[in-house]
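Architecture and fold: a report
Below are the chains, spelled out letter by letter.
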Amino acid sequence: MQWLIVAVYAVLVIVPALLPLPDNAAHIWTNLTLAAQFAFWGIWWPFVLVSMVLVGRAWCGVLCPEGALSEFASRWSRGYAVPRWITWQGWPFVAFAGTTVYGQMTSVYGYPKPVLAVLGGSTLAAIVVGLLYGRNKRVWCRYLCPVNGVFAVLSKLAPVSFQVDSAAWAVSPKPVGGTESFNCAPLVPVKTMRGAGACHMCGRCSGHRGAVRLALRSPNHEIVRVAGEEPSLDQTMLILFGMLALAVGAFQWSSSPWYVDAKQWAATWLIERGTTWPLEHSAPWFVLTNYPDRNDVMTLLDGGLLLAYIGAATIVLGLALSGIVALATLSLGGWSLRRFHHLTQTLIPVAGCGVFLGLSALTVTFLRGDGIVIPYVAEIRTALLAGASLWSVWLAWQVAGLAVGGVRRVAAAACIAGAAALSVANWVLLFWIW
């Protein structure tokens, strides 16, 4: 199944980049380029995110072509020790931010060459890492995959996971020769595994020593009971400054009247001073969108303002959300960095919902372009945002209850409700006001 997906993935990534761009009469079901765009951005990415919440990282362990190719390449790995720069904890945020911003700069959702550059480049890097480090492992997936961080936080909400019985593990006989009887390709310390964030759900460890099994759990369990004991600065940055801030700017900028006003002001300011080259020059397609035959060219001014808009959204929203979560932390009785990280985890439902809605907007756009209208889109978006916000508040209520009760608990939950409301407001602007 993995090799079948690798073959389909290769065709959809490579072949459209070699074909002429589709004309206005082309449709998803008649043109490979449009079909590939819809497959990647209309189906694959939004619903892979949904799968993380439903069944954990089963996509990573069973279906992902990059993971399969990286592990396959590692059969012939040079076996080098994984260097410290690869294991740097900041990669989840940096990789997510880099690919998101670069995709916006090159219009990856609309043209096949940027898809080849982003997805093809990522796949090539995964293979190279497999050839260099580890043996029969997925070092790329464990540390460098651009969506590893997002998948890790969303899978914490999954109602099914592989669970380890520490007591059964301790009393069970050791495998013959003292070696493990399974290969955990993503390098998860299965013996001490308590959550689903790093597990790829491949099932290779199932039944090991009679202590590992696939089982149901409460979708709230890991956030409430486990996350507080495993504080994570990198996940906090990814949630507050990445999924709740940078992603908003990336999805908003092309529809934002603030971006248009800033562009008009900047253009006027430059013209008044006789400086017109930022308005007249662009860059190659692999740096900024440049398709003059389609009247789709991003000037240097456009590119600079795009970066400025996304950067401003990341800083302003990230700091605002951090401040609100800090207030929630203080309301529980004094400052605690561990508690701050724990309360940030309660925002995962609304953060994941926002990223899904941003990507699924492409699904709606692709289908609408071919005359297919999905009914009740506004109502579905409203229900998802409301449900995700209530879920985040309920998680905050449970987390706060671990520390205090009464008014302080109410205050903490109210602060998280305010953070969720700020996040929802950004999507209201995009979908209902602009």
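For the structure given in this document, a descriptive report is provided here. Keep in mind the model is a prediction, meaning the values are calculated, not measured.

Taking 1.5 Å per residue, 21 residues should reach 30 Å; helix α6 (residues 112-132) reaches 29 Å between its end C-alpha atoms and fits that length. The largest bend along α6 measures about 25° and falls at G120. Residues P112, P114, V115, V118, L119, S122, T123, A126, V129 and G130 constitute the buried set of α6. Looking at the buried residues of α6, the elements they touch are α1 (2-18), α2 (32-55), α4 (65-73), α5 (91-105), α7 (139-144) and β3 (290-291). G134 lies just past α6 and shows a positive phi near 75°.

Let's shift gears to unusual backbone geometry. With a phi close to 60°, N136 is a non-glycine residue in the positive phi region. Turning to its location among the elements, N136 is positioned in the loop between α6 and α7.

Let's shift gears to empty space enclosed by the protein. Taken as a whole and judged by the stated rule, the model has 3 cavities of 30 Å³ or more. Reported here for the largest cavity is a volume of approximately 620 Å³. No other element matches the 5 residues that α5 contributes to the lining of the largest cavity. Partitioned by chemical class, the residues of the lining of the largest cavity number 25 nonpolar, 8 polar and 3 charged. Volume-wise, the second largest cavity comes out at about 100 Å³. Together, 14 residues line the second largest cavity, and C184, V190, C199, C202 and C205 are the ones closest to its centre. Here the residues of the lining of the second largest cavity sort into 11 nonpolar, 2 polar and 1 charged.

Tallied over the full model, the rule gives 6 salt bridges. With its nearest N and O atoms 2.4 Å apart, the salt bridge here joins R194 to E229. You can see R194 sitting in the loop between α9 (166-171) and β2 (212-216) and its partner E229 sitting in the loop between α10 (221-226) and α11 (233-252), a full 35 residues away along the chain. A salt bridge links R217 to E222; the shortest N-O distance between them is 2.9 Å. Of the two residues examined, R217 and E222, each falls in the buried class.

About the thresholds
Residues numbered from 1 in each chain as written. Predicted model: local features only at pLDDT ≥ 70, side-chain atom pairs only at ≥ 80, totals over all residues. Heavy atoms only, no water. Helix = DSSP H or I, 4+ residues; strand = E, 2+ residues; numbered from the N terminus. Expected span 1.5 Å × (residues − 1). Bend = angle between axes of the 7 residues up to and from the residue. Buried < 20%, exposed > 50% of the residue type's maximum accessible area, 1.4 Å probe, protein only. Contact = heavy atoms within 4.5 Å. 1 Å grid on protein atoms, 1.4 Å probe; cavity = no way out; pocket = protein on both sides within 12 Å on 5 of 7 lines; lining within 4 Å. Points joined across faces, edges and corners; volume = space filled by probe spheres on them. Nonpolar A, V, L, I, M, F, W, Y, C, P; charged D, E, K, R; others polar. Salt bridge = Lys/Arg side-chain N within 4 Å of Asp/Glu carboxyl O.

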